[in-house]
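# Tertiary structure, described
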Amino acid sequence: MEKINREMDEALNAKIEALEANDDETGDGKVDLLDLKHQLDRVEAQLALQDEQNRRLLSRQKRNLILSAVVVVILFLLIGLMMFQSNQAYETVMDTCAQVNELAGTLQDSLDTLDSAELDAMMQSLPEITDKLSRIDVDALNTLMQKLPDVLDTVSALQEQVNALTSFFSNLGSAFR
């Protein structure tokens, strides 16, 4: 047992010497006030460095928090805008449905008041109308529609010339009176 105690004491003394050797900042072989001052300066420098790192970390976290809040506000605004637009679309659809229902009611009323003989006559004339429409030359009609503005311009120019001639003869006639 004594051997174990002696080994433990030696190990403890070796550890204390190693610690004291590490605490000797000045290298003079003993721990004195100057060594403690150096250790204190080193600890203060480490604390200053940690303080600066903590401040940077806090500023980053604050910036991230503000950015997150801005993103949340923007998302809420977008959701509100989408809800408003959805409501507007719903109201438009409902108005359109009401108009369609009104037109369907009007059409039904018209069909109810229509004599079946008149309806049959209209249905009998429908094939004739579609036959006449199928005979129309669409290309010729398109060509005519394209040339129509030029013709109307020419007619307007002729009308202006006729008006000018009419006023000339009017003035000439009043000169002989």
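Along every chain, residues carry numbers that run from 1 in the direction the sequence is written. Predicted model: local features are reported for residues with pLDDT of at least 70 only, side-chain atom pairs are reported and counted for 80 or more only, and whole-chain, interface and lining totals are derived from all residues. Remark: hydrogens and water are excluded; side-chain values derive from all non-hydrogen atoms of the structure.

### Some words on a nonpolar patch on the surface
Exposure above 30% relative accessible area and the lack of any salt bridge qualify a residue for a patch; like charges then connect within 9 Å, and the nonpolar side chains Val, Leu, Ile, Met, Phe, Trp and Tyr within 5 Å. Surface exposure here means Shrake-Rupley accessible area, sampled with a 1.4 Å probe, where a residue is shielded only by the protein chains that are shown. Each salt bridge in this description consists of a side-chain nitrogen of Lys or Arg and a carboxyl oxygen of Asp or Glu lying within 4 Å of one another. Together, Ile129, Leu133, Ile136, Leu141, Leu144, Met145, Leu148, Val151, Leu152 and Val155 make up a nonpolar patch on the protein surface, roughly 910 Å² of accessible area in all. Labels follow the DSSP assignment, with helices taken as runs of H or I lasting at least four residues and strands as runs of E lasting at least two, numbered in each case from the N terminus. Contributions of two or more residues to the nonpolar patch are made by helix H3 (116-135) and helix H4 (138-176). With respect to the secondary-structure elements, Leu148 resides in helix H4.

### Observations regarding the confidence of the model for the protein chain
Scored between 0 and 100, pLDDT is the confidence that the predictor attaches to each residue. Averaged over all residues, the pLDDT of the protein chain is 82; the fraction at 70 or higher stands at 86%. Per-residue pLDDT, averaged within each element of the protein chain, yields its smallest value for helix H1 (residues 2-23) (69) and its largest for helix H2 (residues 33-113) (88).

### Digging into H3
An α-helix turns once every 3.6 residues. As a result, residues three or four positions apart point the same way. To estimate how far a helix should extend, the number of its residues minus one is multiplied by 1.5 Å. The terminal C-alpha atoms of H3 lie 30 Å apart, and with 20 residues this matches the ideal 28 Å at 1.5 Å per residue to within 8%. The principal kink in H3, of about 30°, is found at Leu126, preceding the proline Pro127 by one to four residues. Take the seven residues that end at a residue and the seven that start at it, fit an axis to each, and the angle between those axes is the bend at that residue.

### Here we look at the pattern of salt bridges
For the coordinates displayed, the defined rule picks out two salt bridges. For the salt bridge of Asp51 with Arg55, the shortest nitrogen-to-oxygen distance reads 3.0 Å. Of this pair, Asp51 and Arg55 both sit in helix H2, four residues apart, which is roughly one turn of the helix. A simple rule labels every residue: compare its accessible area, found with a 1.4 Å probe on the protein chains alone, to the largest value its type can have, and call it buried under 20%, exposed over 50%, or partly exposed in between. Judged by its relative accessible area of 34%, Asp51 is partly exposed. Taking the shortest distance from any N to any O, the salt bridge between Arg56 and Glu52 comes out at 3.6 Å. Here the residue Arg56 and the residue Glu52 both occupy positions in helix H2, the gap between them amounting to four residues, near one helical turn.

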